[in-house]
Each structure stands twice: as structure tokens, then as C-alpha cells.
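# Secondary and tertiary structure notes
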Amino acid sequence: MKAGDSFAMALGLLLAGFGTLAWAGASEEGSEKTASLPSFEEADKDGDGKLSMEEAKSVGLSEETFEEEDLDGDGQLTEYDYKYGVK
Ligand SMILES: [Ca+2]
Ligand SMILES: [Ca+2]
């Protein structure tokens, strides 16, 4: 066996390994879902596109969670705050 062959083989294995890792990483994305909470539209009772503290509490969020997930700190949860902030 020539030195060049084993190098090519090692490189091939390395690339295959990276491919597998990248694929495994991608498939895990989005597996965490907020299954127990109602949809944002359901929680937004007055339909103004934001959740007030009262609306958030009525769907079972605690005051602490509300403040924690109000990512921009304006006292309202937007759909983005709700979907990506609330766990
Ligand atoms: Ca609202
Ligand atoms: Ca907010």
C-alpha cells in the first residue's frame, strides 16, 4: 500500500464522519415542542396580536415565566416571544 492511498482513505473516513455528524445535528432541531400550551391565537383572547399578563396567566403561564419570556421587555408577549421563549 502506498502512503497516498491511506491518506486518501483517512480523509474519506473523516469526511464521512463529518457528514454523519451534520446530519444528526440537523435532525435534532425542532424536536422540542411546547405541547402543553394552547396556540398563540387561542391564548390571545382579544386578538390584538400580543399576550397581556392576564391572557398569559389564563393559559397557565406564571408571572415569572411571563417576565422571563418577554424578550424585549415591553410587558407583552408577541407571537415570537410565546413560540420561542416559552418552554
Ligand atoms: Ca391580547
Ligand atoms: Ca415582548
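A brief structural summary. (Residues numbered from 1 in each chain as written. Chains lettered and ligands numbered in written order. Predicted model: local features only at pLDDT ≥ 70, side-chain atom pairs only at ≥ 80, totals over all residues.)

### Here's the deal with the overall build of the protein
When helices and strands are tallied, the protein shows five helices and two strands. Tracing the protein from N to C terminus, the helices and strands come up as α-α-β-α-α-β-α. The burial tally for the protein puts 9% of its 87 residues in the buried class. (Helix = DSSP H or I, 4+ residues; strand = E, 2+ residues; numbered from the N terminus. Buried ≥ 20, exposed ≤ 12 C-beta atoms within 10 Å, placed from the backbone.)

### Structural notes on the nonpolar core
Counting six residues, the largest nonpolar core consists of Leu51, Ala56, Leu61, Phe66, Leu77 and Tyr82. Those residues in contact with Tyr82, other than ones at most four positions away along the chain, are Phe40, Leu51 and Leu77. (Core = buried A, V, L, I, M, F, W, Y, C linked by C-beta atoms within 7 Å. Contact = placed C-beta atoms within 7 Å.)

### Section: the environment of Ser36
Its location among the elements puts Ser36 in the loop between helix H1 (3-28) and helix H2 (40-43). Residues Ser36 and Val59 lie 23 residues apart in sequence; the distance between their C-alpha atoms is 9.9 Å.

### Brief notes about the environment of Val59
Positionally, Val59 belongs in the loop between helix H3 (53-58) and helix H4 (63-69). Excluding anything up to four places from it in sequence, Val59 contacts Leu37, Pro38 and Ala43.

In short, geometric facts, not functional conclusions.
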